[in-house]
Amino acid sequence: MIGNTLYYLFSGGEDVSNIRRNNVSAPIADIIDKATQNAPNDRYPSVSTIIEELRVYKESLDALDNLPKSIKEIKAQYSPKSKEYKDEIFKHLMALSDESMRWGKSLGALTRAEIKDMLTYKRNHLNSFATYFMECLVSPSDYIQFEDIDEFAKLTRCIVEINTDIAVNQQLLAFIINLTENYNRWPSMNILAGILNKAIRKYPKQYRLFIYNHKNELKDMIPNLTDNNRFNNEISQILSGK
């Protein structure tokens, strides 16, 4: 009787006189099959045992629901401006671990505006997010692709524009400057020049020393900067020693 009731409930009201396994999920089909055995000794010994089986099944479903979705799934299910969209994007990025190519692919699927909206919404977690990002990429488990560095620079720009913790921002900038120089990635150099031009205008006192400490790397970037991303006068004076 209990097995028939379970079949009716989980199959959406199908005829209990003709139980078909393909009308329910495999774990539920197994429970129903055991609960409807002809021999009493082959059935569950008590209702509480069935309840426990159902509880385990529900926990497995909850665990699946809590797994990070792909960027494609998130874009298909939620509106970009919704709270759920931003939560799922954040959860997805925080599950990428030390695979640099996955970071590059995921960030490449998001516009700068989408990343910035998500980070603004998650403002209270910016420092931990930036630190996690650096920890994942300081010794990645795969080879960093040249084009992915541009995505890392794009993320850095979004973080620095929102985060008010200058120490964390400078740690992130130093990390990306080093990565960009090691790979000689020109597009990323131009993104970094734009970030630093804005930063030193907004926080001149805090960024003068930072620029000075990284003057050798920044000088190396100069030949690769486009006219729109040349270092401004404040940075140029520091780099020239004036």
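Preceding block: the structure.
Description of the structure in this document.

Scoring rules and cut-offs
- Chains are numbered independently. Their residues run from 1 in the order of the written sequence.
- Predicted model: local features are reported for residues with pLDDT of at least 70 only, side-chain atom pairs are reported and counted for 80 or more only, and whole-chain, interface and lining totals are derived from all residues.
- To get the side-chain values, all heavy atoms of the structure are used, and hydrogens and water are removed first.
- Each helix corresponds to a stretch of at least 4 residues labelled H or I by DSSP, and each strand to a stretch of at least 2 residues labelled E; elements are numbered beginning at the N terminus.
- The atom set for the radius of gyration is the C-alpha atoms, and the globule formula is 2.2 Å times the number of residues raised to the power 0.38.
- Throughout this description, buried means an accessible area under 20% of the type-specific maximum (1.4 Å probe, protein chains only), exposed means over 50%, and partly exposed covers the range between.
- In this description, contact between two residues means that some pair of their heavy atoms is separated by no more than 4.5 Å.
- We get accessible surface area from the Shrake-Rupley algorithm with a probe of 1.4 Å; when it comes to residues, only the shown protein chains can shield them.
- Counted as positive: Lys and Arg. Counted as negative: Asp and Glu. His and the chain ends are not counted at all.
- Here the site of a charge means atom NZ of a Lys, CZ of an Arg, CG of an Asp or CD of a Glu.
- Here a polar contact is taken to be a pair of N or O atoms separated by no more than 3.5 Å, where protein atoms must pair a possible hydrogen donor with a possible acceptor and residues adjacent in sequence count only if both atoms sit in side chains.
- The definitions used throughout rest on a 1 Å grid laid over the protein atoms alone, on which a cavity is an enclosed set of points accommodating a 1.4 Å probe that cannot get out and a pocket is an open set flanked by protein within 12 Å on both sides along at least five of seven lines; lining residues are those having an atom within 4 Å of a point.
- Grid points are joined across faces, edges and corners, and a volume is the space filled by probe spheres set on the points.
- Under the convention adopted here, Pro, Cys and the residues Ala, Val, Leu, Ile, Met, Phe, Trp and Tyr are nonpolar, Asp, Glu, Lys and Arg are charged, and Gly plus all remaining residues are polar.
- A helix's residues, less one, multiplied by 1.5 Å, set its expected span.
- Residues belong to one nonpolar core when they are buried, are Ala, Val, Leu, Ile, Met, Phe, Trp, Tyr or Cys, and are joined through side-chain atoms within 4.5 Å.
- Any Lys or Arg side-chain nitrogen found within 4 Å of a carboxyl oxygen on Asp or Glu counts as a salt bridge.

Turning our attention to the overall build of the protein. Each helix and strand counted, the protein has 14 helices and zero strands in total. Written out in order from the N terminus, the α and β elements of the protein read α-α-α-α-α-α-α-α-α-α-α-α-α-α. In summary, the protein has a C-alpha radius of gyration of 27 Å against a globular reference of 18 Å for 242 residues, an excess of more than 25%. The buried share of the protein, taken over its 242 residues, is 39%. Put simply, of all contacts in the protein between residues at least 6 apart along the chain, 64% involve residues at least 24 apart. Summing over all exposed atoms, the protein offers an accessible surface of approximately 13,700 Å²; the carbon and sulfur share of this is 51%. If you average the places of the 31 positive and of the 31 negative side-chain charges in the protein, the two averages end up 9 Å apart.

With that out of the way, let us pick up the environment of E114. As for its placement among the helices and strands, E114 is situated in helix α7 (residues 112-121). Distance from E114 to A29, taken between C-alpha atoms, is 42 Å for residues 85 residues apart in sequence. If near-sequence neighbours (up to four positions away) are discounted, E114 is found in contact with K75, P80, Y85 and A109. Side-chain polar atoms of E114 contact the side chain of K75, separated by 2.9 Å.

A few words on the layout of surface pockets. Volume-wise, the largest pocket comes out at about 190 Å³. For the lining of the largest pocket, the elements supplying multiple residues, two or more each, are α9 (146-162) and α11 (186-202). Looking at the lining of the largest pocket residue by residue, the class counts come to six nonpolar, three polar and four charged. The volume enclosed by the second largest pocket comes to roughly 160 Å³. Together, S70, I71, K72, H92, L96, R102, K105, S106 and A109 line the second largest pocket.

Examined against the element boundaries, H92 turns out to sit in helix α5 (residues 83-93). Of the polar contacts made by the side chain of H92, one reaches the backbone oxygen of K69; its length is 2.8 Å. Once residues lying within four places of it in the same chain are set aside, the contact partners of H92 are P68, K69, S70, I71, I74 and S106.

As a further point, take α11. Between the first and last C-alpha of α11 there are 25 Å, a value that for 17 residues agrees with the 24 Å anticipated at 1.5 Å per step. Within the sequence span of α11, burial applies to S188, M189, N190, I191, L192, A193, I195, L196, N197, A199 and I200. In this structure, the buried residues of α11 make contact with α9, α10 (166-183), α12 (204-213), α13 (215-221) and α14 (233-240).

This paragraph deals with unusual backbone geometry. The phi angle at S97 is positive, at roughly 55 degrees, despite the residue not being glycine. With respect to the element layout, S97 can be found in the loop between α5 and α6 (100-108). With a relative accessible area of 27%, S97 lands in the partly exposed category. Even without glycine at this site, N184 takes up a positive phi of about 50 degrees. By the secondary structure assignment, N184 is in the loop between α10 and α11. The partly exposed category is assigned to N184, whose relative accessible area is 45%.

What follows deals with the nonpolar core. Membership of the largest hydrophobic core comes to 55 residues, with the highest contact counts inside it found for W103, L119 and L196. When neighbours within four sequence positions are excluded, L196 is seen to be in contact with L173, I177, Y207, F210, I211, L218, F231 and I235. With eleven residues, the next largest nonpolar core counts L6, I28, I31 and Y44 among its residues.

For the rest of this paragraph, the subject is α6. Here α6 has its buried residues at S100, W103, G104, S106 and L107. Against the buried residues of α6 lie α4 (71-77), α5, α7, α8 (126-138) and α9.

The subject of this paragraph is the pattern of salt bridges. Pairing between side chains becomes possible if they bear opposite charge and their charged atoms approach one another. In total, this model carries 15 salt bridges according to the counting rule given. We note a salt bridge from R55 to E52, for which the minimum N-O separation is 2.5 Å. Residue R55 and its partner E52 are both found in helix α3 (residues 47-66); the two are separated by three residues, about one turn of the helix. Between R185 and D150 there is a salt bridge whose closest N-O contact spans 2.7 Å. Within this pair, whereas R185 is found in the loop between α10 and α11, its partner D150 is found in helix α9, the two being separated by 35 residues in sequence. Taking the relative accessible area as the measure of exposure, R185 reaches 21% and is therefore partly exposed. Residues participating in the shared-partner salt-bridge network are R112, K116, E161 and K198.

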